[in-house]
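Fold and contact review
Below are the chains, spelled out letter by letter.
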Amino acid sequence: QVTLVESGGGLVQAGGSARLSCAASGRSFSRYSMGWFRQAPGKEREFVTAIRWSTGTTYYADSVKGRFTISRDNAKNLVYLEMNSLKPEDTAVYYCAAGGSARPLTWRNAYDYWGQGTQVTVSS
């Protein structure tokens, strides 16, 4: 029902910034909670940040709190991830996800749809 496509990844120097976008297509986009996850080589996919559709409440992993910001524009069917003060350990494939359940948004199984991911590489 929902197709997600991430964009904005690339090579960034440590201390720099980047902005990822997630474009959604399908019905009732505004009814879905949205999340960002990331997966580094050899590691499991981990929670980064999320926003709950019903309240607008945002959640952040401790590792990115204060550096990353999630936002959404329902009129444009877009979700954003603003990343600042990037570190080499932020290097990963970043995935956008959409979910319609009330389970904790830090859980991967809270989401019904996933994008294909976009690579973010932080050098230096």
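It should be noted that the structure appears before, not after, this text.
Notes on the structure follow. Here the structure is a predicted model, which means the values were calculated and not measured. (Residues numbered from 1 in each chain as written. Predicted model: local features only at pLDDT ≥ 70, side-chain atom pairs only at ≥ 80, totals over all residues. Heavy atoms only, no water.)

1. Topic: the overall build of the protein
Tallying secondary structure elements over the protein gives zero helices and 11 strands in all. Going from the N terminus to the C terminus, the protein shows its helices and strands as β-β-β-β-β-β-β-β-β-β-β. Expected size for 124 residues packed as a compact globule is a radius of gyration near 14 Å; at 13 Å, the protein falls within 12% of this value. The dimensions of the protein, computed from C-alpha atoms along their principal axes, are 40 × 25 × 25 Å. Split into buried and exposed, the 124 residues of the protein put 42% on the buried side. Taking the contacts inside the protein whose residues are at least 6 apart along the sequence as the reference set, 59% of them involve residues at least 24 apart. When the accessible surface of the protein is totalled, it reaches about 6,500 Å², and 45% of it is carbon and sulfur. (Helix = DSSP H or I, 4+ residues; strand = E, 2+ residues; numbered from the N terminus. Rg over C-alpha atoms; globule rule 2.2 N^0.38 Å. Buried < 20%, exposed > 50% of the residue type's maximum accessible area, 1.4 Å probe, protein only. Contact = heavy atoms within 4.5 Å. Areas by Shrake-Rupley, 256 points an atom, 1.4 Å probe, with all protein chains shown as cover.)

2. As for the sheet that holds strand β1 (residues 2-7)
With antiparallel pairing, four strands are arranged side by side in an open sheet as β1-β3-β8-β7. If you trace the sheet from one side to the other, it starts and ends with β1 and β7 (68-73), each paired once. Across the sheet, the mean angle from the axis of one strand to that of its neighbour is 15°, orientation sign disregarded. Relative to strand β8 (residues 78-83), β7 runs antiparallel, the two being bridged by six bridges. Counterpart to Thr-69 in the pairing with β8 is Glu-82. (Pairing = 2+ DSSP bridges. Axes fitted to C-alpha atoms, helices over the stretch in contact; angles between N-to-C directions.)

3. Comments concerning the nonpolar core
Counting residues in hydrophobic clusters, the biggest one holds 35 residues, and the most contacted among them are Leu-4, Met-34, Trp-36, Phe-68, Met-83 and Tyr-94. For this core, the elements supplying multiple residues, two or more each, are β1, β3 (18-26), β4 (33-39), β5 (46-51), β7, β8, β9 (92-99) and β11 (118-123). In contact with Met-83, not counting residues within four places along its chain, are Gly-16, Ser-17, Ala-18, Leu-20, Arg-67, Phe-68, Tyr-94 and Val-120. (Core = buried A, V, L, I, M, F, W, Y, C linked by side-chain atoms within 4.5 Å.)

4. Quick notes on the state of the cysteines
Enumeration over the complete set of coordinates arrives at one disulfide. Covalent S-S linkage joins Cys-22 and Cys-96, the inter-sulfur distance amounting to 2.1 Å. Disulfide Cys-22 to Cys-96: torsion about the S-S bond roughly -80°, handedness left-handed. Here the residue Cys-22 occupies a position in strand β3, and Cys-96 occupies one in strand β9, the gap between them amounting to 74 residues. Assigned by exposure class, Cys-22 and Cys-96 land together as buried. (Disulfide = S-S within 2.5 Å.)

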